[in-house]
Amino acid sequence: MSNFHDNVSGPFDPATFFAMARRVGHGRALGLEYRAHGDNWVELALPWRPELVSMPDSGIMATGAIVSLVDTCSGTSIWQALGGFRPAVTLDLRLDYLRPAAKGETVIARCECYKVTRQVAFVRGVAHGGDESRPIAHSAATFVAVD
């Protein structure tokens, strides 16, 4: 079985990674933006766009876009905690939605990898619209190391 601490690549720079990831695939489709990072946390943003709306009449952002933001932010926080890239798969991701992301609101996710065992990493996070005291969702996630 794979181990999180085996074969970790060299230093990981989330700003450089997201500058590249924003130009291709899923990162490009969503328009994820890097904001900040620390030793075991990352902050990303998902600007509101009409393509990300679930109900056109309301302008509310689709929950699937928010899940993708939080999942990406969670995984990236693991790389920060490990000090380098290591393939990982989302084992479990729970989002408790507290309110919708309103029309025009950029959603900001801040996720922290608070524990890494041999095979599982644990992450918690919050998504908000710029005011952390008014969260959109709280998250809890586990990831497993892969070969």
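All values reported here derive from a predicted model rather than from experimental measurement. (Residues numbered from 1 in each chain as written. Predicted model: local features only at pLDDT ≥ 70, side-chain atom pairs only at ≥ 80, totals over all residues. Heavy atoms only, no water.)

### A short note on the environment of Gly25
Test applied: In DSSP terms, a helix is any run of H or I states spanning at least four residues, a strand is any run of E spanning at least two, and both are numbered starting from the N terminus.
On the secondary structure map, Gly25 appears in helix 2 (residues 25-30). Considering only alpha carbons, one finds Gly25 and Ala109, 84 residues apart in sequence, at a separation of 20 Å.

### Here's the deal with the packing of aromatic side chains
Applied cut-off: Pairing of aromatic rings covers Phe, Tyr and the six-membered ring of Trp, with a centre-to-centre limit of 6.5 Å; geometry is then stacked below 30 degrees between planes, edge-to-face above 60, and tilted otherwise. Residue exposure (1.4 Å probe, protein chains only): buried if accessible area is under 20% of the type maximum, exposed if over 50%, otherwise partly exposed. Definition used: whenever NZ (Lys) or CZ (Arg) falls within 6 Å of the ring centre and also within 35 degrees of the ring normal, the charge is taken to sit over that ring.
Summed over the entire model, instances satisfying the criterion amount to two aromatic pairs. With a centroid separation of 6.3 Å and 40° between ring planes, the pair formed by Tyr114 and Phe122 is classed as tilted. Judged by relative accessible area, Tyr114 falls into the partly exposed class, the value being 42%. Its end group placed over the ring of Trp41, Arg110 keeps NZ or CZ at 3.5 Å from the ring centre. It is Arg124 that lies over the ring of Tyr114; its NZ or CZ is 4.1 Å from the centre.

### Observations regarding the UniProt feature "domain: Thioesterase" (unreviewed entry) in the protein chain
Here is the rule we go by: UniProt positions are given in the numbering used here, feature names are shortened, and annotations may be inferred rather than shown by experiment.
Mapped onto this numbering, the UniProt entry annotates "domain: Thioesterase" (unreviewed entry) at residues 59-131. Measuring from the first to the last C-alpha atom of residues 59-131 gives 19 Å, for a span that is 27% helix and 42% strand.

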